[in-house]
Structure formats: structure tokens, C-alpha cells
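# Inside the fold
Each chain is listed here by its residues.
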Amino acid sequence: MKRIYMIIMLITLALCVSLVVNYILLDRDIEQKGEKAMDYTIYPSSMPENALWRIEQAKQMNERAYTTVFDAIDDENTMIELVKHAWQWDKNAMMHYSSIKSRKDIRGDKPDDMLYFDEFMQKYQSKFLDDNGNRLIEPSIFNQPNAWSYMRDSFAELKYPYASYRMAWVWGGVSGYDSDGIARPLEDKNIENSIKYLNYAMEGGYRKHEMLATWTLFAIQSNFKNEKRTEIIPLSEYRPLLPSECLIVAIDHYQIAAQHSSLFGILRVAEAYLYGIGREQSWVKAYAWSQLLDYAYQKLVQRNSPLDWKKYEGDIIIQYNLPLSKRLARTLTDAQQLESKKIFGELKNTIISWDHEIWSEGIDDFYPKP
């Protein structure tokens, strides 16, 4: 019996030794191929919060540091700062650095005084130091397959606004058109995720109120039914089964956009009062908002915006609004029209900005979380 036990122990020991040896050989083989398992955990930045780059700041530094025209380093000092921020887990810098690194094998016909990414990294490796003079090391996450997408997805889950805005577009936006050029509705899962990530982005400073309201209300996530953008979907055709609180919030967002001269924002608030969707039904207020739309359109024409598509879009909106406005004018009594005119005068004074595009492309300025 003792002999059998000893044989079993020897066999077990031999198997363990074999497994260890095989594991070491396999690990060595993987390491030689550059495939050793790495730590892709998301860590907070070691930099103080007021030193982290804001979204627009990171974008500007990226544009200064690197040119896609030659796929080369355009400003070496700026690129050094970009590397230092990215390697210290500054999230906005990390995504730009990863984007640049992903293009490292592209070789354009650059000027002689420019460096490709790998040439730059070799030349300036001694410059990658923190504020205390300690040598920085590139986080393993940058070697993750599809690193940029991995960071976008991970950062978005943590509500970093730049990544969240990118993620919102992964799920949302028009999902194509049928053979007649009519927009196809998105699946509920796409809609809910697009709204979730867009909300995260707006919590972080994005001013996409018109977009959020549109994505919430319409399954095609567009104000236009068709690819040619000539047919506006009525507010009354909002997604079925939306709870009343969602309707109220969506119109609230349209109204914020309207206060910054969004034509669609003004139109949708007018319709909200006309149909009693997300607002109490009031034809007097609907007519006031309809008049405000005409006024805002004239402001757009006078401004002579270089955005030709905005003028075209404005023309379509005004054509859509015209029968609504005429219908209300015929329906209201003289006293009601007078009251509506008074409300219209008050509404004009609530407009904060007459250039919605510039305002909506801005991002509220505050430092990101580490």
C-alpha cells in the first residue's frame, strides 16, 4: 500500500513539474513574440486635477503636435508634452496619443526637418519625465489591440465626456435609408445607449441639447424623415410609449437650444404648445413661438452665415412652419393674438445667443476628473 502511495506521489510530482516547465516555456515564447499578458486596468491620473488637459485644450495640443498631412510630428515640444500627459493617465491626452501611435507605420513624404513617430520617440525618450524628474513609462494599455477603441469604451463607461460623446455616435445617429430614401429607425437598444452616453457627455460640458432631444423623441434620431432632408417629421410622431416625464425633459432640452437660436429648438417648442406634448396645450404660446421662429430665421439670413446648409435647413423649417402659423392666426381671436404678440416680445429677450452653431459646438470649461 505504501509503495502504491509513493508511485502516485511521484506521478503527481512529475505532472506538476511538467506543467510548470511547459508554462515557463509558453510564457517565454509569448514574451518573445511580444504577446505577454499586460495590465489594461484603467488608473486615475497621477497629475493634479488643475494640470489635466480639458477637451478642447487636448484637441488643440494634438493638432499642434502632429500633422496627418505628412503623418509626422509637427511641433516636437508640444508632442513631448502630449506624451508626458498621456503616460501620466491624462484621459483626454491618452486618446489623442493613441490615435497618433496607431498611425506610426504610415510613411508619407514629409519634409526633412520632421520626424516620424518612432523617430521622435527614440530621439526624445530622455525627455519623458514627470514634474519631479522621474522617468515615465508608457502604460501597457497603449499596447492593447485596438487601444483607441478600448479606451473610448472604457472611459465612456467611467463618464469621461470626450469618450462618452464618441461612444454616443457609435450607438446613435441615422442608421441608413431604404430604397426610397426614407430613414430607417434604430433598434431600442441603440437608442437607449446613444441617449445614455450623450447624457454622460453633456454632464461633462457638451452642449448637445437639440441632439439629445431629437435622439430621445424620434426613432430615426433625426428631424428629417428622408435622406434629402426635405421632409420634417412632426413632433406628434414621437416614439410611442415614451413616458410623460421623458417628453417634458426632451422639450426642456429643445427650449435650451431655442434660447441659443436653434431653429429646430424653437419649432419644437411651438409644436409642443400646439399639440400639448411635454407642455400644456396653448395655442397662444404656440403662435408666439411660431413668430419667434420667423424672427430667428431673419436673424440667420441677416448674419449671412458661411454655413450654406444652415440657410437651406432654415428654408425647409420655415416652409414647414408656415401652415402651422397661418392655422393659428386664423384660429386665435384678436385678444389672443395681442396676448401672443406680447409673449413673442418677451421671448425675444430670452435669446442668449444668435449663433446656435458656434454655441452648440462649444464645451463648458472645467477641469476633468483624474
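Anyway, here's the lowdown on the structure attached to this text. Remember, predicted model here, so these are calculated numbers, not experimental data.

### Observations regarding the overall build of the protein
Summing up its helical and strand segments, the protein has 15 helices and 2 strands in all. Relative to all contacts within the protein whose residues are 6 or more apart in sequence, the contacts with residues 24 or more apart total 69%. Total accessible area on the protein is roughly 20,400 Å²; 53% of this is exposed by carbon and sulfur atoms.

### A closer look at the packing of aromatic side chains
Counted under the stated rule, the structure contains 15 aromatic pairs. Relative to Trp89, the ring of Tyr43 lies with its centre 5.6 Å away and its plane at 80°, an arrangement referred to as edge-to-face. A residue pair is termed long-range when its members are at least 10 positions apart, and Tyr43 in the loop between helix H1 (2-32) and helix H2 (55-65) and Trp89 in the loop between helix H3 (76-87) and helix H4 (91-101) qualify at 46 residues. In this structure an aromatic cluster arises from ring pairing among Trp87, Tyr97, Phe117, Phe120, Tyr124, Phe128 and Phe142. The positively charged end of Arg107 is found above the aromatic ring belonging to Tyr116, 4.3 Å away from the centroid.

### Focus: helix H6 (residues 147-157)
What sets the pattern is the α-helix's 3.6 residues per turn: residues three or four places apart point alike. Residues Ala147, Met151, Arg152, Ser154, Phe155 and Ala156 constitute the buried set of H6. Buried positions along H6 lie against H4, helix H7 (161-171) and helix H8 (188-203).

### Quick word on unusual backbone geometry
Note on backbone geometry: most residues besides glycine have negative phi, and most peptide bonds are trans. Positive phi values are uncommon outside glycine, yet Trp89 reaches one of about 65°. Owing to a relative accessible area of 12%, Trp89 belongs among the buried residues under this scheme. Its identity as a non-glycine residue notwithstanding, Asn146 has a phi of 55°, on the positive side. Positionally, Asn146 belongs in the loop between helix H5 (117-123) and H6. On the basis of relative accessibility, which here comes to 63%, the residue Asn146 falls in the exposed class.

### Thoughts on the pattern of salt bridges
As a working rule, side chains carrying opposite charge can pair if their charged atoms are close by. Under the defined criterion, the tally for this structure stands at 16 salt bridges. A salt bridge links Lys101 to Glu138, with the nearest nitrogen and oxygen atoms 3.0 Å apart. Of this pair, Lys101 sits in helix H4 while Glu138 sits in the loop between H5 and H6, placing them 37 residues apart in sequence. Measuring nitrogen to oxygen at the nearest pair gives 2.6 Å for the salt bridge that ties Asp118 to Arg107. Of this pair, Asp118 sits in helix H5 while Arg107 sits in the loop between H4 and H5; the two residues are 11 residues apart in sequence, bridging distant segments of the chain. Looking at Arg107, the relative accessible area reads 41%, which means it is partly exposed. Salt bridges linked by common partners bring Lys225, Glu231 and Glu237 together as one network.

### Here's the deal with the environment of Tyr254
Take Tyr254: it is sitting in helix H10 (residues 244-258). Judged by relative accessible area, which is 0%, Tyr254 ranks as buried. Measuring from C-alpha to C-alpha, the distance between Tyr254 and Leu267 comes to 8.8 Å, with 13 residues separating the pair along the chain. Setting aside its immediate chain neighbours within four residues, Tyr254 contacts Glu210, Ala213, Thr214, Leu217, Phe218, Asn223, Phe264, Gly265, Arg268 and Val269.

### Concerning the packing of helix H9 (residues 209-217) against H10
Geometry of a packed helix pair, given as the angle between the helix axes and the separation of the axes. Running from N to C, H9 and H10 cross one another at 150°; their axes reach a closest spacing of 7 Å. Considering their axes alone, H9 and H10 lie roughly antiparallel with respect to each other. Seen from above, H9 lies across H10 with left-handed handedness. Across from His209, Glu210, Leu212, Ala213, Thr214, Thr216 and Leu217 in H9, the residues of H10 making contact are Leu247, Ala250, Ile251, His253, Tyr254, Ile256 and Ala257.

### Quick look at the environment of Trp148
One can find Trp148 in helix H6. It is 9.6 Å that separates the C-alpha atoms of Trp148 and Lys101, two residues lying 47 residues apart in sequence. In this structure Trp148 touches Met95, Ser98, Ser99 and Arg166, once residues within four positions along its chain are discounted.

### What to know about the side chain of Arg268
Residue position: Arg268 is located in helix H11 (residues 263-275). For Arg268, a relative accessible area of 0% puts it in the buried group. A polar atom in the side chain of Arg268 sits 2.6 Å from the side chain of Glu271.

### Some remarks on the nonpolar core
Ranked by size, the top nonpolar core spans 51 residues in total, and within it Met79, Trp87, Tyr97 and Phe120 carry the most contacts. Put simply, the parts of the chain that give this core at least two residues each are H2, H3, H4, H5, H6, H7, H8 and H9. At 7 residues, H8 tops the list of elements feeding residues into this core. In terms of nonpolar packing, the next biggest core, distinct from the first, is built from 46 residues, Ile233, Leu247, Tyr273 and Leu347 among them.

### Structural notes on the environment of Tyr116
Relative to the helices and strands, Tyr116 is located in the loop between H4 and H5. Other than its neighbours up to four places away in sequence, Tyr116 contacts Phe70, Asp71, Ala72, Ile73, Ile106, Arg107, Gly108 and Lys110.

Reading the values: rules and limits
- Residues numbered from 1 in each chain as written.
- Predicted model: local features only at pLDDT ≥ 70, side-chain atom pairs only at ≥ 80, totals over all residues.
- Heavy atoms only, no water.
- Helix = DSSP H or I, 4+ residues; strand = E, 2+ residues; numbered from the N terminus.
- Contact = heavy atoms within 4.5 Å.
- Areas by Shrake-Rupley, 256 points an atom, 1.4 Å probe, with all protein chains shown as cover.
- Phe/Tyr/Trp six-rings, centres within 6.5 Å; stacked < 30°, edge-to-face > 60°.
- Lys NZ or Arg CZ within 6 Å of the ring centre and 35° of its normal.
- Buried < 20%, exposed > 50% of the residue type's maximum accessible area, 1.4 Å probe, protein only.
- Salt bridge = Lys/Arg side-chain N within 4 Å of Asp/Glu carboxyl O.
- Axes fitted to C-alpha atoms, helices over the stretch in contact; angles between N-to-C directions.
- Parallel < 35°, antiparallel > 145°, perpendicular 65-115°, else oblique.
- Left-handed = near helix turned anticlockwise from the far one by under 90°.
- Polar contact = N/O pair within 3.5 Å; in protein donor to acceptor, adjacent residues only side chain to side chain.
- Core = buried A, V, L, I, M, F, W, Y, C linked by side-chain atoms within 4.5 Å.

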